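# Residue-level structure breakdown
One-letter residues, chain by chain:
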Amino acid sequence: MTRRQQLDTFISTPYSTGIHPFMSANETSTETPNATAQELELKLVIDPAQRDNALAVCRDIAAKFQKQADYQKLSLENAYYDTSDLRLRQFDMGLRIRRSADQLEQTIKLAGRVLGGMHERPEYNVPTVEMAPDLTLFDADIWPDDFPVYDVQRDLQQLFVTDFTRHRFLLPSGDGNIECVLDLGQIEASGETEPLAEIELELQGGEITDVYKLGQQLVQQLNARMGSLSKAARGYLLAGRSVLEPFVQTHFVNVRPEHSLGEALYRSVEYGLKHWQHNESCLERHANVRAAQGMADGIYLCRTVIELLAKLGVDCEPLVARINEVMNYFSWLKRFEGLAELTAQDGAYHRALERYNSLYETLQDSQQQVVQLTQVIEQVRSHEYQLLLLDISRLLIERQQTEAMEQPAEPWASSLLREDWQEVQSAFEEVEDMSEERYLKLLPKLQHSLVLGTCFGQLFEGVIRDSFRAPWQDLARGIREITALHILHETVKNSEQFNDERLIQWQQVQRESLLKALEYSRKAALKREPYWQQ
């Protein structure tokens, strides 16, 4: 199967339906009123200060096509609706009415997904005659079985509006087109406004390669960034009807025994990228360490699975090196988390260390000094970073397949987990009593094994799986605590001010106690029967 055939097959599935373009006043639609398009849309966010330059760049791009690109300028007024308890939001739906010239159109967007900056959501459109939503205008069979259409209809209210000028260029591509739209305007909600400056590239029967080439050009010329938040999502935030909180914990990827290996692996990359980008959005809106930690977890998961894809013959090995470069910007987290272990008010060391006020304040100051959020944000806004996201998105859209990836996921995952665990088991069984240094040396291997379990654990029985993983997770947490005690030892040792005999004895007791606890967890973990063998 060619890549084009793979893409056509992928796009035709209900799970991957895309965005239906708005029909302007002088266009004629031959589709049914409730039609949904099977299109892909790449969303790019630009700095509002670049708005004039962005229009010039889009015009320049259009002028370079051999066939003259069609151009339209539209003024679009959009009102978004939901219930008082946000039931549409709970179902991951978005409802709007759009006015363009003398035409009104009502649109419902159902649950979809974002791959990098590539947005895929089923969208249904119907003409309407007033700025008052009516869900009964849509076909009844579009709704989920448990969706209370009439209850929702009775409670609909306007939450926010987006008003913008759309510059629309229809660019020829392959046997179809790419619709390039530049939206410039603002979002308004609760008396607040937020500038809107986006470029969307929608594939309409053209070549996906052309979309990504255009995306690369816009990143390089306009410092455009992948947009993971829709206009509606930003509107809910501005209206104070939703919050953007970091994902601080990864969960098992939704893979099932009937999935092929290829499906399981791509689902895992998609999950990791979603985790990564959600936390990136949190970081951009409110820079904090929790968001950086969430980003690092998502990046690590993506790298782990992309390495597996490369070993199976997928052309993605260069992505691993590029991801490693990004991960370097998060290396400070290890020391930060060690210091946080010492200073956390609900931590094991807080009460004892608070007696030494000067030492405790020094640790708190060190914790703040180690933070490098500014450098992370600079990296996020760099061309290299945005092009990496673009290429991971492309990997997920094209979904290269090899013969080995056609096999069922469960037997392959069992074999992988078994081989990986044998290495972990051998390393942790090698000596009778392990030192702190050896535990620290083995932590990366253990973390890698736990991440593999995150990717494939859903394939196995939950109680047995969780029982096996729990002591290994405890062990990983305990090993990371060694770093905290090493930082404390280093701080005390290098300062005459803190060279107190009682403090030295106390921290030695803590290290010995931690080592005993680690030994207990290690031996308990090694006795557990692996869940993939049951």
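Nothing here was measured: the structure is a model prediction, and the numbers come from that model. (Residues numbered from 1 in each chain as written. Predicted model: local features only at pLDDT ≥ 70, side-chain atom pairs only at ≥ 80, totals over all residues. Heavy atoms only, no water.)

### Considerations on the overall build of the chain
A tally of regular secondary structure across the chain gives 18 helices and 11 strands. Rg of the C-alpha trace for the chain: 26 Å, near the compact-globule value of 24 Å for 534 residues, within the 12% margin. Seen through its C-alpha atoms, the chain measures out along the principal axes to roughly 85 × 55 × 50 Å. Counting every position in the chain, which comprises 534 residues, the buried fraction comes to 54%. Counting 55 positive and 81 negative side-chain charges, the chain places the averaged centre of each group 3 Å from the other. (Helix = DSSP H or I, 4+ residues; strand = E, 2+ residues; numbered from the N terminus. Rg over C-alpha atoms; globule rule 2.2 N^0.38 Å. Buried < 20%, exposed > 50% of the residue type's maximum accessible area, 1.4 Å probe, protein only. Lys, Arg positive; Asp, Glu negative; His and termini not counted. Charge placed at Lys NZ, Arg CZ, Asp CG, Glu CD.)

### Remarks on the packing of helix α15 (residues 409-429) against helix α17 (residues 462-493)
The description of two helices packed together rests on the angle between their axes and the distance between the axes. The geometry of α15 relative to α17 is characterised by a closest axis approach of 14 Å and an angle of 55 degrees between their N-to-C directions. Judged by the inter-axis angle, α15 sits oblique to α17. Two packed elements cross with a definite hand, and for α15 against α17 that hand is left-handed. Where α15 abuts α17, its residues W421, V424 and F428 lie against F468, W472, L475 and I479. For the contact of α15 with α17, the per-class residue count stands at 7 nonpolar, no polar and no charged. (Axes fitted to C-alpha atoms, helices over the stretch in contact; angles between N-to-C directions. Parallel < 35°, antiparallel > 145°, perpendicular 65-115°, else oblique. Left-handed = near helix turned anticlockwise from the far one by under 90°. Contact = heavy atoms within 4.5 Å. Nonpolar A, V, L, I, M, F, W, Y, C, P; charged D, E, K, R; others polar.)

### As for the packing of aromatic side chains
Aromatic ring pairs: the centre-centre distance and the angle between the two ring planes describe each pair. A complete count under the given rule lists 19 aromatic pairs for this structure. For the pair F468 and Y531, a centre-to-centre distance of 5.6 Å together with 75 degrees between the ring planes defines the contact as edge-to-face. In this pair, F468 sits in helix α17 while Y531 sits in the segment after α18 (501-527), placing the two residues 63 residues apart along the sequence. As far as the burial class goes, F468 and Y531 line up, both buried. A residue is classified by how much of its surface remains accessible, and Y531, at 4% relative accessible area, is buried. Directly above the ring of Y236 sits R89, whose terminal nitrogen or CZ lies 4.5 Å from the centroid. (Phe/Tyr/Trp six-rings, centres within 6.5 Å; stacked < 30°, edge-to-face > 60°. Lys NZ or Arg CZ within 6 Å of the ring centre and 35° of its normal.)

### With respect to the pairing of strand β8 (residues 157-173)
Counting buried residues along β8, 12 of its 17 residues qualify, which places the element largely inside the surrounding structure. The pairing of strand β2 (residues 70-82) with β8 spans 13 bridges and is antiparallel. Looking at the pairing, S75 lines up with T165 of β8. In this sheet, strand β9 (residues 176-189) lies alongside β8 in antiparallel orientation, the contact comprising 13 bridges. Bridging across to β9, L170 finds its partner in E179. (Pairing = 2+ DSSP bridges.)

### Looking at the pairing of β2
Along a regular strand, successive side chains alternate from one face of the sheet to the other. Alignment of β2 against strand β3 (residues 94-100), held across 6 bridges, turns out to be antiparallel. Directly across from Y80, in β3, lies its bridge partner R96.

### A short note on the nonpolar core
In this structure, I199, L201, W276, F428, F456 and W472 are the most contacted members of the largest nonpolar core, which totals 127 residues. Sorting elements by how many residues they give to this core places helix α8 (residues 289-311) first, with 13 residues. In contact with I199, other than residues within four places in its own chain, are L42, K43, L44, I46, C58, C180, V181, L182, L218 and L222. Among the nonpolar cores identified, the runner-up in size contains 20 residues, and L88, W143, F147 and V149 belong to it. (Core = buried A, V, L, I, M, F, W, Y, C linked by side-chain atoms within 4.5 Å.)

### Observations concerning the pattern of salt bridges
Scanning all chains against the criterion turns up 33 salt bridges. Measuring nitrogen to oxygen at the nearest pair gives 2.9 Å for the salt bridge that ties R234 to E194. Of this pair, R234 sits in helix α6 (residues 231-238) while E194 sits in strand β10 (residues 192-204), and the two are 40 residues apart along the sequence. Residue E194 is classed as buried on the basis of its relative accessible area, which comes to 15%. With a closest N to O distance of 3.4 Å, E270 and R399 form a salt bridge. One end of the pair, E270, is in helix α7 (residues 261-285); the other, R399, is in the loop between α14 (383-398) and α15, with 129 residues separating them in the sequence. The two residues E270 and R399 agree in class, both being buried. (Salt bridge = Lys/Arg side-chain N within 4 Å of Asp/Glu carboxyl O.)

### Points about unusual backbone geometry
Located in the positive-phi region is D92, a residue other than glycine, with phi close to 55 degrees. Summarising the element assignment, D92 is placed in the loop between α3 (87-90) and β3. Residue S190 is not a glycine yet carries a positive backbone phi of 50 degrees.

### What about helix α13 (residues 373-380)?
Those residues of α13 that sit buried are L373, V376, I377, Q379 and V380. For α13, the buried positions fall inside an angular range of 160 degrees around the axis, keeping them on one side. Residues of α13 that are exposed and point over 90 degrees away from its buried face: T374 and E378. Structurally, α13 contributes buried residues whose contacts are with β11 (225-226), α7, α8, α9 (317-327) and α14. (Arc of directions from axis to C-beta.)

### Side note on the environment of D70
In this fold, D70 is placed in strand β2. On the basis of relative accessible area, D70 is assigned to the partly exposed category, the value being 48%. Here the alpha-carbon distance between D70 and R168, two residues 98 residues apart in the chain, equals 7.9 Å. With sequence-adjacent residues up to four places away left out, D70 is seen in contact with R168, F169 and L170.

### Concerning the confidence of the model for the chain
For the chain, mean pLDDT is 88; residues scoring 70 or higher make up 90% of the total. α8 holds the highest mean pLDDT among the elements of the chain, 98, whereas helix α1 (residues 3-12) holds the lowest, 36. Scored below 50 in pLDDT, residues 1-33 makes 81 contacts in the model with residues more than four places away or belonging to other chains. (pLDDT = per-residue confidence, 0-100.)

### Some remarks on the packing of α15 against helix α16 (residues 436-456)
Contact geometry of α15 with α16 gives a least axis separation of 10 Å together with a crossing angle of 165 degrees. Judged by the angle between their axes, α15 and α16 are roughly antiparallel. In terms of crossing hand, the pair formed by α15 and α16 is left-handed. Of the residues in α16, those in contact with W412, A413, L416, L417, D420, E423, V424, A427 and F428 of α15 are R438, Y439, L442, K445, L446, H448, S449, L452, G453 and F456. For the contact of α15 with α16, the class distribution of residues is 12 nonpolar, 3 polar and 4 charged.

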